[in-house]
Amino acid sequence: MKKSFLAILGSALLFAACINDEESLQNIRDRDITSIEQYMQETPIAGVKTEKDGGTGIVMIWHNEVENGRSPQQGDSVYVNYTGRFLDGRVFDTSVDSVAQEHGITRQAPFVPWGYVFGFGQVIEGFDFAVFNMKVGETVTTLIPSIYAYGAGGSRDGSIQPHTPLRFDIELVSIPDAPEEEI
C-alpha cells in the first residue's frame, strides 16, 4: 500500500510539474511579447511595413520592399547580412564589418554576408521565419520571443541567457542557387 501511494504521489507530482512547465512557457511567451511591445514603444523603428505574427509573436519591420524578388525555399543556400542585438541595444553578433568594429566584435571568419542552407534548422527558428518572409534585396528588423530564439537553454557558449528575446537586423543578399526568373 505504501509503495502504491508513493507511486501515485510521484505520478501526481510529475503531472503537476508538466502543467507548471506549460504554464511557465505561456508566462515566458507573454513576458517576451510584453518586452517586445515595450521595446517598440521606447525604441521606434521606422519602416515601410510592420507585421506581427499572432501565432509566434515575432514582429517584422521592413525597411524596404522588393516587389519581384525571390523568397527562399527549403534547401536553398541563402546569404544574409545580419546584426543580432539584445533588447537593451547590446550587439552580440554581426556579419557586417563596420558594426563589428563599432561594437568591438572580433572573430576568425571575415565579416561578409553569411551563408547557410535555408530550412534545415541551422539557425534559430525566428531567424529562419524572418528570412522565409523576405525577398532578395529586402532588409528587415525582426523581434523574436525567446521560444523562437535560444529558448530555455540559452546559447551553447553562454553569451545569450535562457529566455532572452532578441532583435535581428537582416538583409537577404542573395540566393545564388535559385533559378533565374523570367521577366
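Residues numbered from 1 in each chain as written. Predicted model: local features only at pLDDT ≥ 70, side-chain atom pairs only at ≥ 80, totals over all residues. Heavy atoms only, no water.

Trainee: Sorry if this is basic, but what is going on with the side chain of glutamate 138 here?
Mentor: Note that glutamate 138 resides in the loop between helix 3 (125-132) and strand 6 (139-144). As a buried residue without a salt bridge, glutamate 138 has its nearest oppositely charged side chain in lysine 135, at a separation of 5.5 Å. One polar contact links glutamate 138 to tryptophan 62, side chain to side chain, over a distance of 3.2 Å. Other than its neighbours up to four places away in sequence, glutamate 138 contacts Trp62, Asn64, Glu65, Val66, Asn133, Ile170, Glu171 and Leu172. (Helix = DSSP H or I, 4+ residues; strand = E, 2+ residues; numbered from the N terminus. Buried < 20%, exposed > 50% of the residue type's maximum accessible area, 1.4 Å probe, protein only. Lys, Arg positive; Asp, Glu negative; His and termini not counted. Salt bridge = Lys/Arg side-chain N within 4 Å of Asp/Glu carboxyl O. Polar contact = N/O pair within 3.5 Å; in protein donor to acceptor, adjacent residues only side chain to side chain. Contact = heavy atoms within 4.5 Å.)

Trainee: Explain helix 3 to me, please; I cannot follow it from the model alone.
Mentor: Working note: α-helix, 3.6 residues per turn, so residues spaced by three or four point in the same direction. For helix 3, the set of buried residues is Gly126, Phe127, Asp128, Ala130 and Val131. Looking at the packing, one finds that the buried side of helix 3 touches strand 2 (59-64), strand 3 (77-86), strand 5 (114-117), strand 6 and strand 7 (166-174).

Trainee: Can you walk me through unusual backbone geometry in this structure?
Mentor: Leave glycine aside and you will find that most residues have negative phi; peptide bonds, for their part, are mostly trans. A positive phi angle, near 55 degrees, is found at histidine 163, a position not held by glycine. Tracing the backbone shows histidine 163 in the loop between strand 6 and strand 7. In this structure histidine 163 comes out as partly exposed when scored by relative accessible area, which is 25%.

Trainee: It is not clear to me how the pairing of strand 6 should be interpreted in this structure. Could you clarify?
Mentor: Within a regular beta strand, the side chains point alternately toward one face of the sheet and then the other, so they alternate between its two faces. Burial analysis of strand 6 places five of its six residues in the buried class, the great majority of the element. Strand direction decides the pairing type here: strand 2 and strand 6, joined by five bridges, are antiparallel. Bridge assignment links valine 59 to a residue of strand 6, and that residue is leucine 143. Sheet analysis places strand 6 next to strand 7, joined by six bridges and oriented antiparallel. Across the sheet, valine 140 pairs through a bridge with isoleucine 170, a residue of strand 7. (Pairing = 2+ DSSP bridges.)

These results come straight from atomic positions and should not be treated as a statement about function.
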